[in-house]
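# Coordinate inspection notes
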Amino acid sequence: MDRESVAPAYGREGTETLLKGLLSIHPVSLRFSTELTEAERESLAEKIEKTGVRLQQSRELPYVYLAQNLENVSELPGFAEGKFTVQDASSALAVEAAGICPGNTVMDLCAAPGGKTILAAEFAGEAGHVVSRDISEYKTDLIRENLERMNRRNVEVQVYDATVHDPEKEKYADVVLMDVPCSGLGVMGKKRDIKYHATPESLQSITELQRQIVAAGWQYVKPHGVLLYSTCTIHRGENQEMAVWITENFPFVLEEERQLLPGTDETDGFYYARLRRKA
């Protein structure tokens, strides 16, 4: 990716900031359980800082903290007890945008390692239910491990290929989360080899995969329910243009979309679109 290829979308000044942000290393995000009270969060944050970790509360989500000087998250106070997990603020923002309510049924189609599943389960509450899927036992084992530590019981984990339609789940969910595989162009600060492998051909291939997942899974959304589509890239073909493609080919209306940019937001690059299914 060169300056000229992104400048038309973000302008010269924005592109300079973006390109610097793409290669910078962002702090780890600790997402505290939403079931903790404000006082409990503050008390836990103080205990963590006493270990030498520096915490900065997210500007947008009070239960997310950016951590610096962090060496081993598993040794921090509260981790083993399931009081927080590692989850980027942008990922949590996407789940927030879905508008999950207590008692809702949710499907998370590409769920590993489980950050969105866990937050969705917290929002849905014990009266709600989350079906959390990914393509292999290895990935679903990661989800189960995090669910166990975070003490979530309202989640059903399944091995399932998101590109294959499941007729038993048609009109099943109030909310479907599609955090699809992507080019990862928004997280090069964490995965620096991405810049060596991104080609027009690879971008086209990943876009085709994303469309397969959408085409297979959109019918899981109940009428008037929400499809929350998200990626960790800044590529418009996988983001804004994909949202347009969804509304042109399936019975959805785009209600909200947001592109978070590395270097200009407190997160890595991320995109989400909230789409509402028509009756």
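Attention here is on the structure that accompanies the text.

Calculation criteria
- Residues numbered from 1 in each chain as written.
- Predicted model: local features only at pLDDT ≥ 70, side-chain atom pairs only at ≥ 80, totals over all residues.
- Heavy atoms only, no water.
- Helix = DSSP H or I, 4+ residues; strand = E, 2+ residues; numbered from the N terminus.
- Polar contact = N/O pair within 3.5 Å; in protein donor to acceptor, adjacent residues only side chain to side chain.
- Core = buried A, V, L, I, M, F, W, Y, C linked by side-chain atoms within 4.5 Å.
- Buried < 20%, exposed > 50% of the residue type's maximum accessible area, 1.4 Å probe, protein only.
- Contact = heavy atoms within 4.5 Å.
- Pairing = 2+ DSSP bridges.
- Axes fitted to C-alpha atoms, helices over the stretch in contact; angles between N-to-C directions.

Quick look at the environment of glutamate 170 now. Topologically, glutamate 170 is positioned in the loop between strand 7 (155–159) and strand 8 (173–179). Sequence separation between glutamate 170 and valine 221 is 51 residues; the distance between their C-alpha atoms is 7.0 Å. A polar contact of 2.7 Å, which involves the side chain of glutamate 170, links it to the side chain of histidine 165.

Time to look at the nonpolar core. Most often, soluble globular proteins keep nonpolar side chains buried together rather than apart. Among the nonpolar cores identified, the biggest contains 45 residues, and Leu30, Phe32, Ile48, Leu55, Tyr63, Phe84 and Ile100 are the most heavily contacted of them. Counting residues per element, this core draws most heavily on helix 3 (residues 89–98), at 7 residues. The contact partners of leucine 30, leaving out residues within four places of it in the chain, are Ile48, Leu55, Tyr63, Val64, Tyr65, Ala67, Leu70, Val73, Leu76, Phe84, Thr85 and Val86. Counting residues in hydrophobic clusters, the runner-up holds 25 residues, among them Val131, Ala173, Ala243 and Ile246.

On to the sheet that holds strand 4 (residues 84–86), then. Taken in spatial order, the 4 strands make up an open sheet running 2-3-1-4, and their pairing is antiparallel. Whereas interior strands pair on both sides, the edge strands pair on one side only; in this sheet they are strand 2 (54–57) and strand 4. When strand polarity is set aside, the average angle formed by the axes of neighbouring strands in this sheet is 30 degrees. The sheet contact formed by strand 2 and strand 3 (residues 64–68) spans 4 bridges and is antiparallel. When the sheet's bridge partners are listed, arginine 54 is paired in strand 3 with glutamine 68.

With that settled, consider unusual backbone geometry. Leave glycine aside and you will find that most residues have negative phi; peptide bonds, for their part, are mostly trans. Proline 113 follows alanine 112 through a cis peptide bond whose omega is 5 degrees. With respect to the helices and strands, proline 113 occurs in the loop between strand 5 (105–108) and helix 4 (115–124). Positive phi values are uncommon outside glycine, yet asparagine 151 reaches one of about 60 degrees. In this structure, lysine 171 takes a positive phi of about 55 degrees despite not being glycine.

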